[in-house]
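Below are the chains, spelled out letter by letter.
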Amino acid sequence: QVQLVESGGGLVQPGGSLRLSCAASGSITSYNFIQWYRQAPGKEREWVATITKSGSTSYVDSAKGRFTISRDNAKNTVYLQLNSLKPEDTAAYYCNTPTYSLKNYWGQGTQVTVSS
C-alpha cells in the first residue's frame, strides 16, 4: 500500500514560485497515474495535474504554462512546480492516485497561499 504525503506549501507573493512534493512510502511506479488536486475554501476539489507511469503529463487549463508536474522515481517523489502564482491559486493542494481518490481517500494536503 502506497501512502502519499504532501509538503512544500507556504505563503508567497503573486508571481512567486513554490515546489510541492508528494512523497510516497512505496514506489511511485506502483501506480499508473499520480495526480495533484487543489481545494480552495468554499470550493469543490479541482484536478490540477497528472503524470502517468510513462511520463505523460496533463494540466488544468489555468495551470498550463505555469505549473509543471514531474517525478523522481529514485526518491519516490512527485513534484508540482508552481510558477507565476496568482491569488486564485490559493488552496490546499493534494496528491493522490485513482486507487484512493476514487474512494475519496485524501491526505492532509499542503497549503499554498498567494497574497500580497
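As shown above, the structure is provided for reference.
The notes below deal with the structure included here. (Residues numbered from 1 in each chain as written. Predicted model: local features only at pLDDT ≥ 70, side-chain atom pairs only at ≥ 80, totals over all residues. Heavy atoms only, no water.)

## Points about the pairing of strand 8 (residues 77–82)
Burial within strand 8 is extensive, with five of its six residues counted as buried. In terms of strand pairing, strand 3 (residues 18–24) meets strand 8 through six bridges, oriented antiparallel. Note that in strand 8 the partner of Leu20 across the bridge is Leu80. In this structure, the hairpin formed by strand 7 (residues 67–72) and strand 8 is closed by a connection of four residues, where Asn76 is found at a positive phi of approximately 50 degrees. (Buried < 20%, exposed > 50% of the residue type's maximum accessible area, 1.4 Å probe, protein only. Helix = DSSP H or I, 4+ residues; strand = E, 2+ residues; numbered from the N terminus. Pairing = 2+ DSSP bridges.)

## Considerations on the environment of Tyr94
As for its position among the elements, Tyr94 is in strand 9 (residues 91–96). As for Tyr94 and Leu80, which are separated by 14 residues in sequence, their C-alpha atoms are 10 Å apart.

## Some thoughts on the pattern of salt bridges
Scanning the model with the defined rule gives four salt bridges in all. Here Arg38 and Glu46 are joined by a salt bridge, their closest N and O atoms 2.8 Å apart. Judged by its relative accessible area of 6%, Arg38 is buried. Salt-bridge contacts for Asp89 lead to Arg66; the nearest nitrogen and oxygen are separated by 2.7 Å. Of the two residues, Asp89 is situated in the loop between strand 8 and strand 9 and Arg66 in the loop between strand 6 (57–59) and strand 7; the sequence distance between them amounts to 23 residues. With a relative accessible area of 1%, Asp89 lands in the buried category. Through salt bridges with shared partners, a single network forms among Arg38, Glu46, Arg66 and Asp89. (Salt bridge = Lys/Arg side-chain N within 4 Å of Asp/Glu carboxyl O.)

## So, the nonpolar core
What tends to happen in soluble globular proteins is that the nonpolar side chains get buried as a cluster. Ranked by internal contacts, the top residues of the largest apolar core, which has 27 residues, are Trp36, Phe67, Leu80, Leu82 and Tyr93. Taken together, the elements giving at least two residues each to this core come down to strand 3, strand 4 (33–39), strand 5 (46–52), strand 7, strand 8, strand 9 and strand 10 (110–114). With four residues, the top contributor of residues to this core is strand 3. Residue contacts for Phe67: discarding those within four places in its chain leaves Arg38, Val48, Tyr59, Leu80, Gln81, Leu82, Asn83, Leu85, Asp89 and Tyr93. (Core = buried A, V, L, I, M, F, W, Y, C linked by side-chain atoms within 4.5 Å. Contact = heavy atoms within 4.5 Å.)

## Observations regarding the packing of aromatic side chains
All chains considered together, the criterion is met by four aromatic pairs. Residues Tyr37 and Trp106 carry aromatic rings whose centres are separated by 5.0 Å and whose planes lie at 80 degrees to one another, so their mutual orientation is edge-to-face. Of this pair, Tyr37 sits in strand 4 while Trp106 sits in the loop between helix 1 (98–101) and strand 10, and the two are 69 residues apart along the sequence. Given the relative accessible area of 16%, Tyr37 is considered buried. The exposure class assigned to Trp106 is partly exposed, which follows from its relative accessible area of 22%. (Phe/Tyr/Trp six-rings, centres within 6.5 Å; stacked < 30°, edge-to-face > 60°.)

## A word on the sheet that holds strand 4
Taken in spatial order, the six strands of this open sheet run 2-10-9-4-5-6, and their pairing is mixed. Here the strands that pair on one side only, and so sit at the sheet edges, are strand 2 (10–12) and strand 6. Each strand axis lies, on average, 20 degrees off the axis of its neighbour in the sheet, ignoring direction. Judged from the three bridges that link them, strand 5 and strand 6 form a sheet pairing that is antiparallel. When the sheet's bridge partners are listed, Thr50 is paired in strand 6 with Ser58. (Axes fitted to C-alpha atoms, helices over the stretch in contact; angles between N-to-C directions.)

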